[in-house]
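# Observations on the model geometry
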Amino acid sequence: MNGSESLSEKRIVVTGGAGFVGSHLAERLAERASVVVADDLSNGRREWVPDDATFVRADLTDRDDVAEAITSDVDLVCHLAASKSVDTDRPREQFESNAAMTHNVTERMRAVGVPEILFTSSSTVYGEAPRPTPEDYAPLEPISAYGASKLSDEALLSVYANSYDLTARIVRFANVVGPRLRGAVIPDFIDKLREDPDSLRILGDGRQEKSYLHVDDCVDAICHVLAAADSPVATFNLGTRTTTSVTRIADVVSETMGLEPAYEYTGGERGWTGDVPKMRLSIEKLAALGWVPERSSEAAVEAATEQLLAEMSDIDGRSRSGSTERKTASQ
Ligand SMILES: NC(=O)c1ccc[n+]([C@@H]2O[C@H](COP(=O)([O-])OP(=O)(O)OC[C@H]3O[C@@H](n4cnc5c(N)ncnc54)[C@H](O)[C@@H]3O)[C@@H](O)[C@H]2O)c1
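Residues numbered from 1 in each chain as written. Predicted model: local features only at pLDDT ≥ 70, side-chain atom pairs only at ≥ 80, totals over all residues.

### Let's talk about the overall build of the chain
Secondary structure summary: the chain contains 9 helices and 14 strands in total. Its C-alpha atoms give the chain a radius of gyration of 20 Å, within 12% of the compact-globule value 20 Å for 331 residues. Counting only C-alpha atoms, the chain reaches 60 × 60 × 40 Å along its principal axes. Of all 331 residues assigned to the chain, the portion counted as buried reaches 45%. Partitioning the intrachain contacts of the chain with sequence separation of at least 6 by distance along the chain shows that 78% fall at a separation of at least 24. (Helix = DSSP H or I, 4+ residues; strand = E, 2+ residues; numbered from the N terminus. Rg over C-alpha atoms; globule rule 2.2 N^0.38 Å. Buried ≥ 20, exposed ≤ 12 C-beta atoms within 10 Å, placed from the backbone. Contact = placed C-beta atoms within 7 Å.)

Written out as structure tokens, the structure is:
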């Protein structure tokens, strides 16, 4: 069961729906529901928005833009828009922007009577917790402004659910991978190896060990949560029961590209300040409701590597034929 049956005929706003996970979710939801994508395209692409969705270019830190995107006929908001990198150079800006977006969205929902929100949170709310980490683990001590912003957004949703009759579904993702992924370890290794096939610089000691979830499984899980959760605030981890080390990811990417680069480690147990080096979420709460991922962590990494390589070779092909066309036109 993929849960999307219950979404038929609903009007759903997907914030961040031009981004990686949001565009895959919008595609799935648009098979059954009427979908509006709201995104400022700061990290998304217009061409990733499905043709059968309505697109509103909106900066969700701006209340007027939010009002344009979320109207009184909306049944559900899937709120994915966020500044998502663990960026230690600008903690205030990132925290404030994520908080402003979520507060603007919930206030607008309250004002026009939209009853339900799904919010994409992150494993980073747990900080460096014992593994597998269940949803009720405490104390929640994030180690990045990004993690703190997600935790504060969750707290705000609890307020709106308890005081203003909003139903809130919160999904805490492990690392999601798949087509359209940018700014993460797999596309980073691919880019580096395309530039220099003989050596690969790896951040940290390569022993960071995290759980990777394929975006198809992630979208299935979200639909399942939307169909199955039944309390005013319901929080679920989304991940895999297994993990993959960074060195293993380097091996998968190198092997898939047919390369044998020399690895050069920058050293230290974490890749960067704010990085949680070991992460595995307990997924038993959602498993009890009938969802388990089809792919293991390693299978997700393998599939995503192949899909991203195919995507990049398509882009190369298009830009080559584009430059030939331009050349022809200018001759
Ligand atoms: N990808 C992962 O591994 C992962 C892990 C944990 C949590 N998450 C969360 O899932 C959600 C989706 O992540 P993603 O990987 O697809 O990221 P993404 O960056 O591809 O998508 C986020 C989208 O939000 C949009 N956006 C950013 N600021 C905006 C603003 N001010 N107004 C309107 N739109 C804005 C961007 O343009 C982008 O399209 C995010 O909330 C992220 O924090 C993702």
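### Observations concerning the packing of helix α1 (residues 20-30) against helix α6 (residues 215-228)
At a minimum axis separation of 10 Å, α1 and α6 run at an interaxial angle of 55°. What the angle tells us is that α1 and α6 run oblique. When you trace α1 past α6, the crossing you get is right-handed. Contact with α1, carried on its side by Val21, His24, Leu25 and Arg28, involves Val215, Cys218, Val219, Ile222 and Cys223 of α6 and no other residues of that element. (Axes fitted to C-alpha atoms, helices over the stretch in contact; angles between N-to-C directions. Parallel < 35°, antiparallel > 145°, perpendicular 65-115°, else oblique. Left-handed = near helix turned anticlockwise from the far one by under 90°.)

### A word on the nonpolar core
In this structure, Val14, Val35, Val77, Ile186, Cys218, Ile222 and Leu238 are the most contacted members of the largest nonpolar core, which totals 83 residues. No other element matches the 8 residues that α6 contributes to this core. Excluding residues that lie within four positions of it along the chain, leucine 238 makes contacts with Val171, Arg172, Phe173, Ala174, Leu213, Cys218, Ala221, Ile283 and Leu286. Counting residues in each nonpolar core, the second largest holds 7 residues, with Val125, Ala145, Tyr146 and Leu151 among its members. (Core = buried A, V, L, I, M, F, W, Y, C linked by C-beta atoms within 7 Å.)

### Focus on unusual backbone geometry
The peptide bond linking arginine 131 to proline 132 adopts the cis configuration, its omega dihedral lying at -5°. Along the chain, proline 132 falls in the loop between β5 (116-122) and α4 (145-164). A cis geometry characterises the amide bond from alanine 138 onward to proline 139, with omega recorded as 0°. The residue proline 139 is located in the loop between β5 and α4 in this model. Here the phi dihedral of glutamate 9 falls at roughly 70°; this positive angle occurs in a residue that is not glycine. Looking at where glutamate 9 falls in the secondary structure, it is placed in the segment before β1 (11-15). Of the residues examined, glutamate 9 has 8 C-beta atoms within 10 Å and is grouped as exposed. A positive phi angle is found at aspartate 165, which is not glycine, with a value near 65°. Structurally, aspartate 165 can be placed in the loop between α4 and β6 (167-173). Residue class for aspartate 165 comes out exposed when judged on the 11 C-beta atoms lying within 10 Å of it.

### Digging into the site of the ligand
Gly16, Gly19, Phe20, Gly44 and Ala82 are the nearest of the 27 residues found near the ligand. Contributing elements (two or more residues each) for the shell around the ligand: α1, β5 and β7 (175-177). In terms of residue count, α1 provides more of the shell around the ligand than any other element does, 3 residues in total. Considering only residue class, the shell around the ligand consists of 12 nonpolar, 11 polar and 4 charged. (Near = placed C-beta within 6 Å. Nonpolar A, V, L, I, M, F, W, Y, C, P; charged D, E, K, R; others polar.)

### Details of the sheet that holds strand β14 (residues 278-279)
As summarised here, the arrangement of the 3 strands in space is β12-β9-β14, forming an open sheet in which the pairing is mixed. Both edges of this open sheet fall to β12 (244-245) and β14, since each of them pairs with a single strand only. Pairing of strand β9 (residues 209-210) with β14, which is carried by 2 bridges, proceeds in the parallel orientation. Within the sheet, the bridge partner assigned to lysine 210 lies in β14 and is methionine 279. (Pairing = 2+ DSSP bridges.)

### Side note on the sheet that holds β1
Read across the open sheet, the 7 strands follow the order β3-β2-β1-β4-β5-β6-β11; overall the sheet is parallel. Because the sheet does not close on itself, it has two edges, and the strands there are β3 (54-57) and β11 (233-238). Adjacent strand axes in the sheet meet at a mean angle of 20°, parallel and antiparallel pairs treated alike. Lying on the sheet, α1 is in contact with β1, β2 (34-39), β4 (76-79) and β5; it crosses β1 at an angle near 170°. Across the face of the sheet, α4 comes into contact with β5, β6 and β11 while running at roughly 155° to β5.

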